[in-house]
Amino acid sequence: MAVTKAITKCTPYENASSKVDKWSIEMKYENDNEGDSTYYTSNFNTTVNQLDDDGNANYTLKAKSSWTNANLVAICPVSEWDVVFASQVDSVITNPPVESTPDQAFSVPS
């Protein structure tokens, strides 16, 4: 299973000092290549505030131009998304539900 991950969209929210205090990020996961029987894709998104609910910093305030792709990936819950994506691939590709087959010749017993 060759999984690729890429940020496909990110929106910075700037404060009055032109520093990013919130990010909205979307990441696309792909299993194998389009056209392969094992191909599967899923999008995940998150909003990350500079401060969490307890007032702890999730990241350092800085201008949007100072951010790199690696910085953005680092603030995403990638380990959680990895587990969810693996489960999705398992339930859809690796171990899909078995479809029942109808018995069209069945007659109602008398």
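Quick note: structure is the one above.
Residues numbered from 1 in each chain as written. Predicted model: local features only at pLDDT ≥ 70, side-chain atom pairs only at ≥ 80, totals over all residues. Heavy atoms only, no water.

Caption draft 1: Broad picture of the side chain of S42. Along the polypeptide, S42 turns up in strand β3 (residues 40-49). In terms of polar contacts, S42 uses its side chain to reach the side chain of Q88, at 3.1 Å. The contacts of S42, once residues within four sequence positions are left out, are M27, K28, Y29, F85 and Q88. (Helix = DSSP H or I, 4+ residues; strand = E, 2+ residues; numbered from the N terminus. Polar contact = N/O pair within 3.5 Å; in protein donor to acceptor, adjacent residues only side chain to side chain. Contact = heavy atoms within 4.5 Å.)

Caption draft 2: Structural context of the environment of I7. Along the chain, the position of I7 falls in strand β1 (residues 3-14). In this structure the C-alpha to C-alpha distance between I7 and N45, which are 38 residues apart in sequence, comes to 9.4 Å. Beyond its immediate stretch of four places on either side in the chain, I7 contacts I25, E26, M27, N69, L72 and V73.

Caption draft 3: Main features of helix α2 (residues 78-94). Along α2, the residues classified as buried are V78, W81, F85 and V89. All buried residues of α2 lie within an arc of 70° about the axis, which places them on one face of the element. Exposed side chains of α2 directed beyond 90 degrees from the buried face belong to S79, E80, V83 and T94. Where α2 is buried, its residues touch β1, β2 (20-31), β3 and α1 (69-74). (Buried < 20%, exposed > 50% of the residue type's maximum accessible area, 1.4 Å probe, protein only. Arc of directions from axis to C-beta.)

Caption draft 4: Structural context of the sheet that holds β1. Taking strand neighbours across the sheet as the criterion, the 3 strands line up as β1-β2-β3 in an open arrangement whose pairing is antiparallel. Unpaired on one side and paired on the other, β1 and β3 mark the two borders of the sheet. Across this sheet, the average inter-strand angle for adjacent strands is 15°, counted without regard to direction. For β2 and β3, the ladder comprises 10 bridges, and the chain directions are antiparallel. (Pairing = 2+ DSSP bridges. Axes fitted to C-alpha atoms, helices over the stretch in contact; angles between N-to-C directions.)

Caption draft 5: The arrangement of the pattern of salt bridges in detail. One pass over the full model with this rule turns up 3 salt bridges. One salt bridge in this structure joins K5 and D82, with 2.9 Å as the shortest N-O distance. Here the residue K5 occupies a position in strand β1, and D82 occupies one in helix α2, the gap between them amounting to 77 residues. Residue classification places K5 among the partly exposed positions, given a relative accessible area of 41%. In this structure, the salt-bridge partner of E30 is K28, at a minimum N-O distance of 3.9 Å. (Salt bridge = Lys/Arg side-chain N within 4 Å of Asp/Glu carboxyl O.)

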